[in-house]
Amino acid sequence: MPDEGPGHAAEWLAAHGHTLTFTKLFEPDPVFPALGAFDGLLVLGGAMSVHDKAAFPWLAAEKAFLHEALRAGKLTLAICLGAQLVAEALGGEVRRNPAPEIGFWTVRFAAKALSHPLLRGWPDKATVLHWHFDTFTVPPGAVRVGLSAGCAAQGFVWGDGVVGLQFHPEMTAEMVEQLLAFENHETAEEQEFVQTAAQIRRKLKSVWKGRLLLAQLLQNLVALHEREAG
């Protein structure tokens, strides 16, 4: 979706000399890159479900592309809808979460996940942005990243180079404002795991916690790629 850009990820990659190219699936006739044209894949979010292929026919092409990229062993960081797509590609199930999870909520990271090289340097917990209605089961062979009070599966690590995150560490404060407008959230009422627009704005500084998590994760991913490249 237009409001689901790479945010903090783009900032980090540019600052560390990496090139970022885009495949904008919401535009007509998207063209996926050749597998040999990139080292890593960043799969972002959107308001649709992985099951909405009738309304969004490009989902079928994206799923086929993800299968190819995963088979080729591409480093992959997938966020929100992206994580759901990758989880499904790896054999997980995507379904409705028991309740919507919108706003800044705390994720407790699993000890086993924190021992994984890709999450090295992460804290035990962090308050990060969430905006989703669906969830996924952790794919077979993957390690659960953590959980929140509103969602049992906040992410997974699969193998040595694939990470899916249900929450949004990439979102800047400006992107959160755009999302509030895009989702018509100004009049939304508070629910058990849904914060109002005013509550979200009061916690906007927490986007920096997501930024720190993302920077550490990207650093770990790049270090892994460089070691494997020799």
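Residues numbered from 1 in each chain as written. Predicted model: local features only at pLDDT ≥ 70, side-chain atom pairs only at ≥ 80, totals over all residues. Heavy atoms only, no water.

The name given to the chain in an unreviewed UniProt entry is Type 1 glutamine amidotransferase, with Hymenobacter polaris as the source organism.

> Outline the overall build of the chain, supporting the account with residue identities and numerical values.
A count of helices and strands for the chain gives 7 helices and 8 strands. The C-alpha radius of gyration of the chain comes to 17 Å, within 12% of the 17 Å expected for a compact globule of 230 residues. The dimensions of the chain, computed from C-alpha atoms along their principal axes, are 50 × 40 × 35 Å. Here the chain holds 230 residues, and the buried ones make up 50% of them. Restricting the contact set of the chain to residue pairs at least 6 apart, pairs at least 24 apart contribute 71%. Of the roughly 11,100 Å² that the chain leaves accessible, carbon and sulfur atoms contribute 54%. Across the chain, the centroid of the 19 positively charged side chains sits 7 Å from that of the 25 negatively charged ones. (Helix = DSSP H or I, 4+ residues; strand = E, 2+ residues; numbered from the N terminus. Rg over C-alpha atoms; globule rule 2.2 N^0.38 Å. Buried < 20%, exposed > 50% of the residue type's maximum accessible area, 1.4 Å probe, protein only. Contact = heavy atoms within 4.5 Å. Areas by Shrake-Rupley, 256 points an atom, 1.4 Å probe, with all protein chains shown as cover. Lys, Arg positive; Asp, Glu negative; His and termini not counted. Charge placed at Lys NZ, Arg CZ, Asp CG, Glu CD.)

> So, the nonpolar core: which residues are in play, and what are the values?
In terms of nonpolar packing, the biggest core is built from 27 residues, with Leu77, Phe109, Trp122, Leu165, Phe167 and Leu217 touching the most fellow members. If you list the elements that add at least two residues to this core, you get α1 (8–15), β2 (75–79), β3 (94–109), α4 (111–114), β4 (125–136), β8 (162–165) and α7 (207–229). It is α7 that contributes the most residues to this core, 7 residues altogether. Look past the residues within four positions of Phe167 in its chain and what remains in contact with it is Ile79, Cys80, Val107, Phe109, Trp122, Val128, Leu129, His130, Gln154 and Leu213. Phe38, Val50, Ala142 and Phe156 belong to the second largest nonpolar core, which has 26 residues in total. (Core = buried A, V, L, I, M, F, W, Y, C linked by side-chain atoms within 4.5 Å.)

> Run through the sheet that holds β4, naming residues and quoting values.
Pairing within the open sheet is antiparallel, and its 3 strands lie in the order β4-β3-β6. The open sheet has two free edges, formed respectively by β4 and β6 (146–147), since each of these has just one partner strand. Inspection of the sheet shows β3 paired to β6 by 2 bridges, in the antiparallel sense. Within β6, the position partnered with Arg108 by the bridge is Leu147. The strands that helix α3 (residues 81–89) touches are β3 and β4; relative to β4, the one it contacts most, it runs at about 60°. (Pairing = 2+ DSSP bridges. Axes fitted to C-alpha atoms, helices over the stretch in contact; angles between N-to-C directions.)

> Mind laying out the packing of α1 against α7, listing which residues take part and the relevant values?
Running from amino to carboxyl end, α1 crosses α7 at an angle of 45°, the nearest separation of the two axes being 10 Å. Accordingly, the angle class assigned to the pair α1 and α7 is oblique. Taken as a pair, α1 and α7 cross one another with a handedness that is right-handed. From α1, His8, Ala9, Glu11 and Trp12 reach across to α7, where they touch Val207, Arg211, Leu214, Ala215, Leu218, Gln219 and Val222. Across the contact of α1 with α7, the residue classes tally to 7 nonpolar, 2 polar and 2 charged. (Parallel < 35°, antiparallel > 145°, perpendicular 65-115°, else oblique. Left-handed = near helix turned anticlockwise from the far one by under 90°. Nonpolar A, V, L, I, M, F, W, Y, C, P; charged D, E, K, R; others polar.)

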